[in-house]
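Analysis of the macromolecular model
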Amino acid sequence: MAVLVTGGAGYIGSHTAVALHDAGYKVVIVDNFVNSSPKAIEAVRALTSPGLAFVEADLLDSGAVRQLFAQHQIDEVIHFAAHKAVGESADQPLRYYRNNLGSTLGLVEAMAEHGVTKLVFSSSCTVYGQPATVPVTEAAPTGAESPYGWTKYMSEQILRDAAAVSDLDVVLLRYFNPVGAHESGTIGEDPNGIPNNLVPYVMQVAIGRLEKLRVFGDDYDTPDGTAIRDYIHVVDLAEGHVAALAALASMDGCPAVNLGTGVGSTVLDVVNAAADAVGSPIPHEIVERRLGDIEKIYADAALARDLLGWETRRDLTEMMRDHWNWQRKNPQGFAT
Ligand code: UFG
C-alpha cells in the first residue's frame, strides 16, 4: 500500500513517514517547506529508503496536487500539512483559514477524482478548549479559541460532511502534546525562532541557546500549581497513525479519536524530567499565567485502544531522553 503524507517534512509527518516505512508501507511525501527543512527529507531517506518519493508542492496549487495523484500510485492519505501557531493565527486569521481549509478541500477533491477513499486527518485537542472534566473523551463539546483552532474544528466538520455522502472514510486524530524524537536523534522538532511550546523551550535552555524558562503561572488548581497537559512521545503518535490506517481498512464513517497517553503532567514535572535527562537543572522562574492557557487537559485514551488497537508505550522519561538526544546532536536543529 502507498500512503501520501502531506507535510511529511514536518515534526510529526517525518516521524510518521518513518513509522509507515517500518510497517511496510510505501511512502510519498509532499511538502512546501514553508515551516520545515529539506534536510528533514534527507534524514527520513537515511532512516527509510533512498528511493522515498518526495514532491515539493503547495497543496493550494490544485494543478500540482492533481499532478501528484496522476504521477504516483496513492492508496491512502495522511494529511498533516497546515499552519499551526496559535498566536500567529490570531494575527493572520485569513492566511490560516485560506491555507488550512483550502489545502484540505483541494486534497479531498483530488482524492475523490482519483478514487482514493481513505484519509487520516491531523486534528488537535485544542477543539476541546478547557474541558469540563478530565480525562476528556471524544464526546466532550468542541469549539475553538483561536483561528488555528477553528481551522481544525472546521476541517473536522468538512470531512464529516464529505464522508456522510461519499465513499470517503476518515479518522480524525486529536493529538495532545507531542514531544520527543526518533531514537536516532536525526529527526526532531525544529521550531522557527523562539519556541512557543514548553519542551522545545526547555531543551533550548538546556543547550544554552536560551537563558531560562519562564513557567507561566503556579496558581492553578493542580498538585504543584502549574498547568497540566498530556505529553505524548512523537514515535507513539506516529505509530498511532499506522494503527489508524490499518483500522480504516474495515471502518466506515468519520470517527474522532484522541491520541494521548491518558496521563497528565504539570509544567514542573516536565522541567524535572528534562533536568534528569540532561543531567543538570533547567534554570526557570515562575511568571504570570499565559493569556488563554488551559489549566488542565489529558486524554481519555480508551477509544484509541478499542477502535485502533493502539496505546502509547513511552513515558515522560523516554520523551525527555529522546528530545534531549535530538537537541544535543543538533543544537541548531536542521541548520546544525
Ligand atoms: N509553558 C510555560 N513556559 C513556556 C511554554 C509553555 O510555562 O515557555 C507552559 C504553558 O503555559 C502550558 C504548558 O507549558 O501550561 C504547555 O504549553 P505548550 O505551549 O507547549 O502547549 P499547549 O498545550 O498550551 O498548546 C499546544 C499546541 C497548540 C494546540 C494546543 C492544544 O501548541 O497548537 O496544544 O491544546 F492548540
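Read on for an overview of the structure. Everything numeric in this text was worked out from a predicted model, so none of it was measured.

**Considering the pairing of strand β4 (residues 76-79)**
With burial as the criterion, each face of β4 is covered, one bearing E76 and I78 and the other bearing V77 and H79. As defined by bridge partners, strand β1 (residues 2-6) adjoins β4 across four bridges and the pair is classed as parallel. Its bridge partner being in β4, L4 is matched across the sheet by V77. In this structure, β4 lies alongside strand β5 (residues 118-124), joined through three bridges in parallel fashion.

**So, the nonpolar core**
If you look at the biggest cluster of nonpolar residues, it comprises 45 residues, and the most contacted ones within it are L20, I29, L173, L245, L259 and L308. Looking at this core, the elements with two or more residues in it are β1, α1 (11-22), β2 (26-31), α2 (38-47), β6 (169-175), α8 (234-248), β11 (256-259) and α10 (302-308). If you tally residues by element for this core, the top one is α8, at ten residues. The contact partners of L20, leaving out residues within four places of it in the chain, are V3, V5, Y25, V27, I78, V242 and L245. V28, A53, L59 and L168 belong to the second-largest nonpolar core, a separate cluster that totals 27 residues.

**Side note on the pattern of salt bridges**
Within this structure, the stated rule accounts for 13 salt bridges. With a closest N to O distance of 2.8 Å, D169 and K118 form a salt bridge. One end of the pair, D169, is in strand β6; the other, K118, is in strand β5, with 51 residues separating them in the sequence. Classification of D169 by relative accessible area gives buried; the value is 8%. Assessed through its relative accessible area of 16%, K118 is described here as buried. Between K212 and E285 there is a salt bridge; the shortest N-O distance is 3.9 Å. Of this pair, K212 sits in the loop between α7 (198-207) and β8 (213-216) while E285 sits in strand β13 (residues 284-287), placing them 73 residues apart in sequence. Taking relative accessible area as the criterion, K212 reaches 33% and is therefore assigned partly exposed. Judged by relative accessible area, which is 31%, E285 ranks as partly exposed.

**Considerations on the sheet that holds β4**
Pairing between sheet strands relies on hydrogen bonds along the backbone, with the strands arranged either parallel or antiparallel. As summarised here, the arrangement of the seven strands in space is β3-β2-β1-β4-β5-β6-β11, forming an open sheet in which the pairing is parallel. The open sheet terminates on both sides in strands that have one partner only, identified here as β3 (53-56) and β11. Direction aside, neighbouring strands of the sheet carry axes that sit 20° apart on average. Along the sheet face, α1 touches β1, β2, β4 and β6 and points at about 165° away from the line of β2. Packing against the sheet, helix α5 (residues 93-113) makes contact with β1, β4 and β5, and its axis sits at approximately 180° to β4.

**Brief notes about helix α11 (residues 316-329)**
With 14 residues, α11 extends 20 Å between its outermost C-alpha atoms, agreeing within 8% with the 20 Å of an ideal straight helix rising 1.5 Å per residue. Taken together, the buried positions of α11 are L316, M319, M320, D322, H323, W324, N325, W326 and Q327.

**A word on the environment of N192**
If you trace the backbone, N192 turns up in the loop between β7 (177-179) and α7. On a C-alpha basis, the gap between N192 and N35 in space is 7.4 Å, while along the polypeptide they are 157 residues apart. Only 2.8 Å separates the side chain of N192 from the side chain of N35, close enough to count as a polar contact.

**What to know about α7**
Where burial is concerned, most of α7 is hidden: eight out of the ten residues are buried. The inward-facing, buried residues of α7 contact β7, β8, β10 (231-233), α9 (267-278) and α11. Once α7 finishes, G208 follows within two positions and takes phi at roughly 95°, a positive value.

The rules behind these values
The residue numbers shown here count from 1 along each chain, following its written sequence. The predicted nature of this model means local features are confined to residues of pLDDT at least 70 and side-chain atom pairs, given and counted, to a pLDDT of 80 or more, with totals for whole chains, interfaces and linings taken over all residues. Excluding hydrogens and water, the side-chain figures rest on all heavy atoms present in the structure. Here's how the labels work: a residue is buried when its accessible area is under 20% of the maximum for its type, exposed when over 50%, partly exposed in between, all with a 1.4 Å probe on protein chains only. The way it works is that DSSP assigns letters per residue, a run of H or I at least four long becomes a helix, a run of E at least two long becomes a strand, and they are numbered from the N terminus. Between any two strands, at least two bridges found by DSSP are needed for them to pair. By nonpolar core we mean a set of buried residues, namely Ala, Val, Leu, Ile, Met, Phe, Trp, Tyr and Cys, connected to one another through side-chain atoms within 4.5 Å. Between two residues, a contact is recorded if the distance between any of their heavy atoms is within 4.5 Å. Here, a salt bridge means any Lys or Arg side-chain nitrogen found within 4 Å of an Asp or Glu carboxyl oxygen. Axis definition: a line fit to C-alpha positions, over the contact stretch in the case of helices; interaxial angles, taken between N-to-C directions, run 0 to 180 degrees. What a helix should span is 1.5 Å times the count of its residues minus one. Any pair of nitrogen or oxygen atoms within 3.5 Å is treated as a polar contact; in protein, a donor-acceptor pairing is required on top of that, and neighbouring residues in sequence qualify only through side-chain atoms on both sides.

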